[in-house]
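Tertiary structure, described
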Amino acid sequence: MVDNREALLDAENKYFENCPGCKIKLLKDTNRGVPFKHLFYVWIVVLAAALPISSLFPFLYFMIRDFHIAKRDEDIGYYAGYVGSSFMFGRALTSILWGMIADRYGRKPVILFGLLSVVIFNTLFGLSTNFWVAVSTRFLLGSLCGILGPMRAYASEVCHKEYQALGMSIISTSWGIGLVIGPALGGFLAQETLHIHRRNVKESDEVNDALVTSTCEPNGNEKIFSLWAVSPRKNGGLSYSSADVGEVLAISGCGLLLFQLFLYPFIERNLGPVMVSRLGAVLTIPLLFTYPFIAMLKGLSLMLLIDSASVLKNVLSVSITTGLFLLQNRAVKQEQRGAANGISMSAMSLFKAVGPAAGGLLFSWAQNRGNAFFLPGDQMVFFILNMTEVIGLLMTFQPFLIAST
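1. Quick look at the overall build of the protein chain
When its secondary structure is counted, the protein chain shows 17 helices and 0 strands. Counting only residues that meet the buried cut, the protein chain has 48% of its 405 residues in that class. Nonlocal contacts in the protein chain, meaning residues at least 24 apart in sequence, comprise 74% of its contacts between residues at least 6 apart. Entry remark: accessible area of the protein chain is about 21000 Å², with carbon and sulfur atoms responsible for 66%.

This is the structure in structure tokens:
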């Protein structure tokens, strides 16, 4: 192996010893298989970046309450939304800059600085003593943690083209798992610090529902699902508790993990990222259409169908985004890949900052038209989500997506 590396270094001055890009190219030329060690590093780093995003949600309600900034309990969700959105807003402002820095100075400095920022500002957030300190630390965490864009570029660079789908699947899966286990971890640790007293069951249920409905989740779709699941059956919901919603999301995370690691690379290799994204969008439309009718079921049949639908919805959603990430990283040169991922991260973060609020407004509006003639109640919610999906599907065709020649 040593002789082989020296021969490659000497051949036509193809490699430069102090060049990070040459080191990656040399690694790929000397190892034609899957770079398991590097993908393991990708998994750990992305997981570390994902955990702080959602770990605050289980205790955010109580945190805002203890700040005494809300005059009424009904206003707590208003302030919690600012705390939840400040991270995404900060990330939207700086993702392009971090991508450009990664292209200029390398992926490693940006990743290390981002990890250091996670440790410092997540700790400071936990030590916040007032609302503005909490908002500021979350904003700074989002602004200074520019990990995800460079990690996408890195995952595509350390893999040969036939394994790039696996690399992107590792990122999507690690990110999704982090968003699932983050609330569980945050809730467990917060539970250790709370005074536990017996309370009226009705009051406890109201607080549980507030935990789900008042916090800013990763995107509008997930918040709408949570709002729909905890809403009363008379309004077309499932009357689930926050614990029930957590179980559904945990099952979805496990199903997503298995699909992304074992099935997605094979499917992408045979169909290509564009076709996978199109099929994901096409199958999502009838799936979303069935949700209002699933609410009519009860007992075991409801549990089985809602778990299956949730797993399928997450699998299709992540298949679409993973396919688009692959297209993006293959469409640009290596020296532009960090900036390209930064642009996509800025756009995604901006929509994720406003998505939960928009989803909440849409859901509230639909709940107030339960007796309407055309698409009453929650049927209107899933209809609008389907229209959004149709727009996304159309944008995978020309002239929006130009085929390479």
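2. Looking at the packing of helix H14 (residues 273–294) against helix H17 (residues 378–394)
At a minimum axis separation of 9 Å, H14 and H17 run at an interaxial angle of 175°. Between H14 and H17, the interaxial angle falls into the category roughly antiparallel. Of the residues in H17, those touching H14 at Arg 278, Ala 281, Val 282, Thr 284, Ile 285, Leu 288, Phe 289, Tyr 291 and Pro 292 are Asp 378, Gln 379, Phe 382, Leu 385, Asn 386, Glu 389, Val 390 and Leu 393. The class makeup of the residues in the contact of H14 with H17 is 11 nonpolar, 3 polar and 3 charged.

3. Some points on H14
In this model, H14 (22 residues) spans 31 Å end to end at C-alpha, consistent with the 32 Å of a helix rising 1.5 Å per residue. Burial in H14 covers these residues: Pro 273, Val 276, Ser 277, Gly 280, Ala 281, Thr 284, Leu 287, Leu 288, Tyr 291, Pro 292 and Ile 294.

4. A word on empty space enclosed by the protein
For the coordinates displayed, the defined rule picks out 3 cavities of 30 Å³ or more. In this structure, the largest cavity spans a volume of roughly 120 Å³. Looking at the lining of the largest cavity, the elements with two or more residues in it are helix H5 (76–105), helix H8 (148–157) and helix H16 (334–367). If one sorts the elements of the lining of the largest cavity by residue count, H5 sits on top with 6 residues. Of the residues contributing to the lining of the largest cavity, the split by class is 9 nonpolar, 7 polar and 1 charged.

5. Details of the nonpolar core
Soluble globular proteins: nonpolar side chains tend toward being buried together. Val 42, Val 46, Met 151, Ile 171 and Trp 175 are the most contacted members of the largest nonpolar core, which totals 30 residues. Mapped onto this core, the elements with two or more residues apiece are helix H3 (36–54), H5, helix H6 (107–126), H8, helix H9 (164–191) and H16. With 7 residues, H3 is the single largest residue contributor to this core. If we skip the residues at most four places from it in the chain, Ile 171 touches Val 42, Val 46, Leu 148, Met 151, Arg 152 and Ala 155. Residues Ala 229, Ile 294, Ala 309 and Leu 385 belong to the second largest nonpolar core, which totals 23 residues.

Reading the values: rules and limits
- Residues numbered from 1 in each chain as written.
- Predicted model: local features only at pLDDT ≥ 70, side-chain atom pairs only at ≥ 80, totals over all residues.
- Heavy atoms only, no water.
- Helix = DSSP H or I, 4+ residues; strand = E, 2+ residues; numbered from the N terminus.
- Buried < 20%, exposed > 50% of the residue type's maximum accessible area, 1.4 Å probe, protein only.
- Contact = heavy atoms within 4.5 Å.
- Areas by Shrake-Rupley, 256 points an atom, 1.4 Å probe, with all protein chains shown as cover.
- Axes fitted to C-alpha atoms, helices over the stretch in contact; angles between N-to-C directions.
- Parallel < 35°, antiparallel > 145°, perpendicular 65-115°, else oblique.
- Nonpolar A, V, L, I, M, F, W, Y, C, P; charged D, E, K, R; others polar.
- Expected span 1.5 Å × (residues − 1).
- 1 Å grid on protein atoms, 1.4 Å probe; cavity = no way out; pocket = protein on both sides within 12 Å on 5 of 7 lines; lining within 4 Å.
- Points joined across faces, edges and corners; volume = space filled by probe spheres on them.
- Core = buried A, V, L, I, M, F, W, Y, C linked by side-chain atoms within 4.5 Å.

Geometry only, nothing functional implied.
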